[in-house]
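Given next are the chains, with one letter for each unit.
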Amino acid sequence: FPSHDTPGAKFNPLFRNKVWDGKLHLYSLFTKELYVGLKPYLEHFAEVNNYSLSDETHGNNDVFVSLDVLKEFSDSLQLASKGKPIEIRDYQVEAIHKSINDKRRLLLSPTGSGKSLIIYCLIRWHEQFGRKQLIIVPTTSLVEQLYTDFQDYSSLNGWKASYNCYRIYSGYEKSADLHVVISTWQSIYKLHKNFFKDFQVVYGDECHLFKAKSLTGIMHKCVSTPYRVGTTGTLDDTKTHKLVLEGLFGPVYRTTSTRELIDSKQLADLKIYALVLRYSEDICKQNKKLTYQQEMDFLVTYNPRNKFIRNLALDQKGNTLVLFQYVEKHGKMLYDMIWTKAGDRKVFFVSGDTETSDREEVRRITESESDAIIVASFGTFSTGINIKNLHNIIFASPTKSKIRNLQSIETNIVTGK
């Protein structure tokens with residue numbers, strides 16, 4: 001089975017010391033195993049190379065569920081948002097249909113398309129059959145956001161998230177007493193495989209982050225889990241990234257696109273302004289021989305640049321999110337500069353040190369404000385965070401991560417400008 005080059009391998013000490021060839025081998029020569037999610041690729045490989053393939057799996061013995069049945073089931077849930085009835089969208093029903101009948105699916109669905117509603121409907125479907133379910137997310141904020149969303153969707157049907165969902169992150173006991181567990185990967189990746197043995201359904205929300213060894217380790221421990229659903233709004237351009245995720249969760253299924261959601265008025269239209277700041281010739285000469293990190297340190301501490309960002313944030317109309325990378329040497333400085341000049345406007349600061357409940361409160365307050373400013377780190381307010389009344393976003397720190405940029409933009413256009 002073919003192998004693929006791993007991005008950035010040449011910088012890895014194992015590659016430099018010739019311990020590792022820098023390739024991702026999807027088929028293990030040691031265990032003679034291949035991810036189940038890559039079975040379609042194996043079948044194609046065998047067909048193209050005229051190999052015979054013997055499939056001794058016993059097939060899927062479950063009853064096929066039709067789209068009509070799932071639409072009827074979704075309608076019976078009496079879904080709500082902010083206490084008002086909502087109808088599930090056709091593309092969401094299609095995603096639910098694929099996930100149930102295929103058992104393994106990687107759902108490519110942009111922020112604002114209702115990934116949490118898809119997961120909620122899947123949870124309610126599987127609970128009919130007594131299946132224990134695990135939802136893994138990358139941040140504590142997303143644990144609380146999902147939990148809150150589930151409560152919101154259930155406000156008219158009597159289903160209580162507090163009776164059915166257990167949250168695991170720092171400060172919470174690592175228990176699995178309820179039939180739905182929502183956890184950060186950091187909280188459970190070291191747990192023994194016995195913790196995972198009873199889960200029959202696992203969801204990887206924002207699963208583009210599941211490249212890390214600890215996250216794939218979690219999936220490997222779910223040996224008795226037939227249903228696996230990954231959701232993400234963004235995949236990067238590397239083939240290795242896509243194949244690993246497909247191996248863990250199954251084939252990619254695109255539910256809809258950001259463009260389609262904007263055209264149908266379900267997301268706000270998007271305008272991107274790239275502002276190029278030009279520095280004096282003396283400044284350029286002084287920094288010409290700096291390393292990448294030294295140049296980054298200069299940029300985030302350069303006072304004229306920070307004053308420009310402050311003035312830009314204060315000049316925007318509507319709720320504004322300012323994203324930074326370095327807490328001590330940039331984020332806190334920006335917050336102080338903006339807060340000092342903000343007058344009566346509400347200004348919030350959010351970093352990894354901010355309690356999860358406080359982050360959720362900032363998100364809640366902002367949704368009822370019209371002119372607030374949030375100064376937040378990329379790690380807390382980019383991937384998957386859904387602020388339903390956000391109008392502007394400012395990238396205050398340079399970043400090379402394509403996925404981080406796209407996720408942050410998608411966060412902004414849910415109902416922004």
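Each value, and the rule that gives it
- Residues numbered from 1 in each chain as written.
- Predicted model: local features only at pLDDT ≥ 70, side-chain atom pairs only at ≥ 80, totals over all residues.
- Heavy atoms only, no water.
- Pairing = 2+ DSSP bridges.
- Helix = DSSP H or I, 4+ residues; strand = E, 2+ residues; numbered from the N terminus.
- Axes fitted to C-alpha atoms, helices over the stretch in contact; angles between N-to-C directions.
- Contact = heavy atoms within 4.5 Å.
- Patch = residues over 30% accessible without salt bridge, like charges linked within 9 Å, V, L, I, M, F, W, Y side chains within 5 Å.
- Areas by Shrake-Rupley, 256 points an atom, 1.4 Å probe, with all protein chains shown as cover.
- Salt bridge = Lys/Arg side-chain N within 4 Å of Asp/Glu carboxyl O.
- Buried < 20%, exposed > 50% of the residue type's maximum accessible area, 1.4 Å probe, protein only.
- Parallel < 35°, antiparallel > 145°, perpendicular 65-115°, else oblique.
- Left-handed = near helix turned anticlockwise from the far one by under 90°.
- Nonpolar A, V, L, I, M, F, W, Y, C, P; charged D, E, K, R; others polar.
- Expected span 1.5 Å × (residues − 1).
- Arc of directions from axis to C-beta.
- Polar contact = N/O pair within 3.5 Å; in protein donor to acceptor, adjacent residues only side chain to side chain.
- Phe/Tyr/Trp six-rings, centres within 6.5 Å; stacked < 30°, edge-to-face > 60°.

A. Local environment of the sheet that holds strand β11 (residues 199-205). The seven strands lie next to each other as β9-β10-β8-β11-β12-β7-β13, forming an open sheet whose pairing is parallel. Since the sheet does not close on itself, it has two edges, and those belong to β9 (165-168) and β13 (252-254), each with one partner. Pairs of neighbouring strands in the sheet enclose a mean axial angle of 20°, with direction left out of account. Taken together, the three bridges between strand β7 (residues 104-108) and β13 define a ladder with parallel strand orientation. Across the sheet, the residue bridging to leucine 108 is arginine 254, located in β13. Running at roughly 155° to β7, helix α4 (residues 90-102) makes contact with β7, β12 (227-232) and β13 of the sheet.

B. Molecular detail of a nonpolar patch on the surface. Taken together, Tyr273, Leu275, Leu277 and Phe308 make up a surface patch of nonpolar side chains, about 420 Å² in accessible area. On the secondary structure map, leucine 275 appears in the loop between α11 (258-263) and α12 (281-286). The class of leucine 275 is exposed, set by a relative accessible area of 51%.

C. View of the packing of helix α14 (residues 303-315) against helix α15 (residues 327-341). Relative orientation of the contacting elements α14 and α15 amounts to 50°, with a least axis distance of 10 Å. As far as their axial angle goes, α15 and α14 are oblique. Judged by the sense of rotation from one axis to the other, the crossing of α14 with α15 is right-handed. Along its contact with α14, which presents Asn303, Arg305, Asn306, Lys307, Ile309, Arg310, Ala313 and Leu314, the element α15 presents His330, Met333, Leu334, Met337, Ile338 and Lys341. Looking at the contact of α14 with α15 residue by residue, the classes come out as seven nonpolar, three polar and four charged.

D. Geometry of the pairing of β7. Most of β7 is tucked away, with five of its five residues classed as buried. Covered by surrounding structure in β7 are Arg104, Leu106 and Leu108 together with Arg105 and Leu107, the residues of both alternating faces. Bridge count for β7 against β12 is five bridges, and the pairing is parallel. Across the sheet, residue arginine 104 finds its bridge partner in β12, namely arginine 228.

E. Inspection of the sheet that holds strand β16 (residues 373-377) at higher detail. Within the open sheet, the four strands sit side by side as β15-β16-β14-β17. Their pairing is parallel. Strand pairing shows two members of the sheet lacking a second neighbour, β15 (347-350) and β17 (392-395), which therefore form its edges. Taken over all neighbouring pairs, the strand axes of this sheet differ in orientation by 15° on average, direction set aside. Two strands pair when backbone bridges link them, and β15 and β16 are joined in this way by four bridges, in the parallel orientation. Among the inter-strand pairings, valine 347 is bridged to a residue of β16, identified as isoleucine 373. The strands touched by helix α16 (residues 356-367) within the sheet are β15 and β16, with β15 carrying the most contacts at an inclination of about 150°.

F. Spatial organisation of the pattern of salt bridges. Applying the stated rule across the entire model yields 16 salt bridges. Two residues, glutamate 367 and lysine 82, come together in a salt bridge whose shortest N-O distance is 3.6 Å. In this pair, glutamate 367 is assigned in helix α16 and lysine 82 in the loop between β5 (80-81) and β6 (84-85), connecting sequence segments 285 residues apart. Overall, glutamate 367 belongs to the partly exposed group, its relative accessible area being 21%. Ionic pairing is found between arginine 124 and glutamate 127, a salt bridge with its closest N-O pair at 2.6 Å. Within this pair, arginine 124 and its partner glutamate 127 are both found in helix α5 (residues 115-127), separated by three residues, close to a single helical turn.

G. Structural context of α14. Taking 1.5 Å per residue as the helical rise, α14 with its 13 residues ought to reach 18 Å, and the 18 Å between its terminal C-alpha atoms agrees with that figure. Among the residues of α14, Arg305, Asn306, Ile309, Arg310 and Ala313 are the ones counted as buried. Each buried residue of α14 lies within a common arc of 140° when the element is viewed along its axis, so the set occupies one face. Those residues of α14 that are buried are in contact with α13 (292-301), β14 (320-324), α15, β16 and β17.

H. Structural detail: the side chain of threonine 184. Topologically, threonine 184 is positioned in strand β10 (residues 180-184). Relative accessible area serves as the criterion here: at 3%, threonine 184 is assigned to the buried category. At 2.7 Å, the side chain of threonine 184 and the side chain of serine 187 are in polar contact. Beyond its immediate stretch of four places on either side in the chain, threonine 184 contacts Ile136, Val137, Thr139, Thr140, Val143, Ile168 and Tyr169.

I. Layout of the packing of aromatic side chains. Throughout the structure, instances matching the rule amount to 15 aromatic pairs. An angle of 55° between the planes, with centres 5.7 Å apart, marks the rings of phenylalanine 195 and phenylalanine 199 as tilted. Measuring from ring centre to ring centre gives 5.7 Å for phenylalanine 324 and phenylalanine 349, while their planes differ by 5°; the resulting arrangement is stacked. Of the two residues, phenylalanine 324 is situated in strand β14 and phenylalanine 349 in strand β15; the sequence distance between them amounts to 25 residues. Residue phenylalanine 324 is classed as buried on the basis of its relative accessible area of 0%. Pairwise contacts between aromatic rings join Tyr120, Phe150, Tyr153 and Trp159 into one cluster.

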